[in-house]
Amino acid sequence: MMEELLRVFEEIARENFPELDLEKFSLALREEIEKKKYDLQDEALLETALRDDRDTFKDSFLEMLEEKAARENSGKAFILSERGRNEAISILIANTEHTIDYYYNTIIGKHFSAS
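This write-up is about the structure you can find in this document. No experiment lies behind these values; they were computed from the predicted model shown.

From N to C terminus, the protein chain includes six helices and zero strands. Reading the secondary structure of the protein chain in the N-to-C direction produces α-α-α-α-α-α. Principal axes of the C-alpha set define a box for the protein chain whose edges measure 50 × 25 × 20 Å. In the protein chain, buried positions account for 37% of the 115 residues. In the protein chain, once contacts between residues fewer than 6 apart in sequence are set aside, the share between residues at least 24 apart is 76%. Carbon and sulfur atoms form 48% of the exposed surface of the protein chain, whose accessible area is close to 7000 Å².

Right, let's talk about a negative patch on the surface for a bit. A surface patch of like charges, here negative, comprises Asp 55, Asp 59, Glu 63, Glu 66 and Glu 67. Counting through the fold element by element, Glu 67 comes out in helix H4 (residues 54-71).

Glancing now at the pattern of salt bridges. A side chain with one charge may pair with a side chain of the opposite charge, provided their charged atoms come close. Tallied over the full model, the rule gives 13 salt bridges. Across the pair Glu 4 and Arg 54 runs a salt bridge whose closest N-O atoms are separated by 2.5 Å. Taken together, the residues Glu 4 in helix H1 (residues 2-16) and Arg 54 in helix H4 connect sequence positions 50 residues apart. Using a relative accessible area of 21% as the deciding quantity, one classes Glu 4 as partly exposed. A single network of salt bridges, built from pairs that share partners, joins Glu 4, Arg 7, Glu 11, Glu 15, Arg 54 and Lys 58.

In this structure the tally under the stated criterion is three aromatic pairs. Considering the side-chain rings of Phe 9 and Phe 25, the 4.2 Å spacing of their centres and the 10° angle between planes classify their relative orientation as stacked. With a gap of 16 residues between them, Phe 9 in helix H1 and Phe 25 in helix H2 (residues 22-36) connect regions that are remote in the sequence. With a relative accessible area of 1%, Phe 9 lands in the buried category. With a centroid separation of 5.7 Å and an interplanar angle of 75°, the aromatic rings of Tyr 102 and Tyr 103 are classed as edge-to-face. Through a chain of ring-to-ring contacts, the aromatic side chains of Phe 9, Phe 25 and Phe 61 assemble into a single cluster.

Calculation notes
- Residue numbers run consecutively from 1 along every chain, following the written order of its sequence.
- In keeping with the model being predicted, local features are shown solely for residues with a pLDDT of at least 70 and side-chain atom pairs are shown and tallied solely at 80 or more, while totals for entire chains, interfaces and linings include all residues.
- No hydrogens and no water enter the side-chain calculation; it runs on all heavy atoms of the structure.
- Here a strand is any run of E in DSSP of at least two residues, a helix any run of H or I of at least four, and the numbering for each starts at the N terminus.
- Buried means the residue's accessible area, taken with a 1.4 Å probe over protein chains only, is under 20% of the maximum for its type, while exposed means over 50%, and partly exposed covers the values in between.
- Residue contacts follow a heavy-atom distance rule, with two residues in contact if any of their heavy atoms lie within 4.5 Å.
- Per-residue and other accessible areas were derived by the Shrake-Rupley procedure at a 1.4 Å probe size, with only the shown protein chains allowed to occlude residues.
- Residues form patches when they are more than 30% accessible in relative terms and have no salt bridge. Like charges link within 9 Å. Nonpolar side chains (Val, Leu, Ile, Met, Phe, Trp, Tyr) link within 5 Å.
- Throughout this description, the term salt bridge denotes a Lys or Arg side-chain nitrogen within 4 Å of a carboxyl oxygen of Asp or Glu.
- In this tally Asp and Glu are treated as negative and Lys and Arg as positive; neither His nor the chain ends contributes.
- For this purpose, a charge sits on NZ of Lys, CZ of Arg, CG of Asp or CD of Glu.
- Stacked, edge-to-face and tilted are the three classes for Phe, Tyr and Trp ring pairs, Trp counted by its six-membered ring, which pair at centre distances within 6.5 Å; planes under 30 degrees apart are stacked, over 60 edge-to-face, the rest tilted.

Below you can see the structure in the form of structure tokens.
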């Protein structure tokens, strides 16, 4: 799961922030993902989401990041700063958790509606 999430972020960065220090960012992101200690169910749900709705996941992350940068009144400069990097990681983790929750609730909802 971690490798796929890192690949998704790398795709986002290459397409939208080519000047970002991707290696430094990826190391920090990897550390934060490891701290979360996602269980196998979470990993399976996220893998499904990234396989089925990769573009939606990417768009959601970008939208949240751009809103934060706009609030900071600094656009890409914010995203390229250390503070921006930390905020981007936080947003990506939040987006990941929202995606897992959405898929979990969707599966539970389908299960109960089929009963």
